[in-house]
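# Observations on chain architecture
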Amino acid sequence: LPPNHDKLPTGDAKDDEKTVQKNGIITIQPFKFKPFHDMYHILSLPDHKMIRVTSTSPDVEADDFCTHVRETLGFIRDHNWRDIFGPGCNCRIVYKRQAGEGREVDGGGNNVWELFDGYGTKEKHVSDEE
């Protein structure tokens, strides 16, 4: 086990929320995903139509809602779950907030994250502004 395995998220929502707040760690549990039937049609829609078919509250969405939908659907289109979560869909992804870098959010901390394997290995730099 990694030396700080007791500080890694467990998969339990309440425990994981405390872990993120205390240690700045967030986990994406493995799941299978694939392109779906109408995905390509949705990607081709102009914003004013896309928001109507993808949002449960289209009148109050942020201006960048459709941009984020396109990014998410493009990721699903361009990637296979096996490449992200392993051939057995059993590899979780753990990100750790970088200390003292990035932009302040919600009155404290930053929003710059790096891929974290529990041993402190930095494999990939991820930011909400990328």
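Read on for a plain summary of the structure. Residue positions are counted from 1 within each chain, in the order its sequence is given. Reporting of local features is limited, given that this is a predicted model, to residues whose pLDDT is at least 70; pairs of side-chain atoms are given and counted only at 80 or more, and all residues count toward the totals for whole chains, interfaces and linings. In computing side-chain properties, one takes all heavy atoms of the structure into account and sets aside hydrogens as well as water.

## Things to note about the state of the cysteines
Throughout, disulfides are identified as pairs of cysteine sulfur atoms within 2.5 Å of each other. If you walk through the whole model with that rule in mind, you get zero disulfides. In this structure C89 is not part of a disulfide, and its nearest cysteine sulfur, from C91, lies 8.6 Å away.

## A few points about the environment of P35
Numbering of helices and strands starts at the N terminus; helices are DSSP runs of H or I of at least 4 residues and strands are runs of E of at least 2. Here P35 lies in the loop between β1 (25-28) and α2 (39-44). Here the alpha-carbon distance between P35 and F75, two residues 40 residues apart in the chain, equals 9.5 Å. The residues touching P35, leaving out its near neighbours within four places in the chain, are Y40, I76 and R77. The criterion used for residue contact is that any of the two residues' heavy atoms lie within 4.5 Å.

## Some words on the packing of helix α3 (residues 47-54) against helix α4 (residues 65-78)
Running from amino to carboxyl end, α3 crosses α4 at an angle of 75°, the nearest separation of the two axes being 10 Å. With respect to their mutual orientation, α3 and α4 come out roughly perpendicular. Residue-level contacts link D47, M50, I51 and T54 of α3 to F65, C66, V69 and R70 of α4. When its residues are assigned to classes, the contact of α3 with α4 shows five nonpolar, one polar and two charged. Lines fitted to C-alpha atoms define the axes here, with helix axes fitted over just the stretch in contact, and angles between the N-to-C directions of these axes take values from 0 to 180 degrees. Relative orientations are named as follows: roughly parallel for angles under 35 degrees, roughly antiparallel for angles over 145 degrees, roughly perpendicular for angles from 65 to 115 degrees, and oblique for any other angle. Three classes are used, and their members are as follows: Ala, Val, Leu, Ile, Met, Phe, Trp, Tyr, Cys and Pro are nonpolar, Asp, Glu, Lys and Arg are charged, and the others, Gly among them, are polar.

## Re the packing of aromatic side chains
Classification of ring pairs uses Phe, Tyr and Trp, with its six-membered ring standing for Trp, and accepts pairs whose centres are within 6.5 Å; under 30 degrees between planes counts as stacked, over 60 as edge-to-face, and the remaining range as tilted. Scanning the entire structure with this criterion turns up three aromatic pairs. Each ring, one from F31 and one from F85, has its centre 5.2 Å from the other, and the planes form 50°; the classification is tilted. Here F31 is found in the loop between β1 and α2, whereas its partner F85 is found in helix α5 (residues 81-85), with 54 residues between them in sequence. Relative accessibility decides the category of a residue: with a 1.4 Å probe and only protein chains considered, values under 20% of the type maximum give buried, values over 50% give exposed, and everything between is partly exposed. The exposure class of F31 is partly exposed, given its relative accessible area of 43%. Here F85 falls in the buried class, since its relative accessible area comes to 2%.

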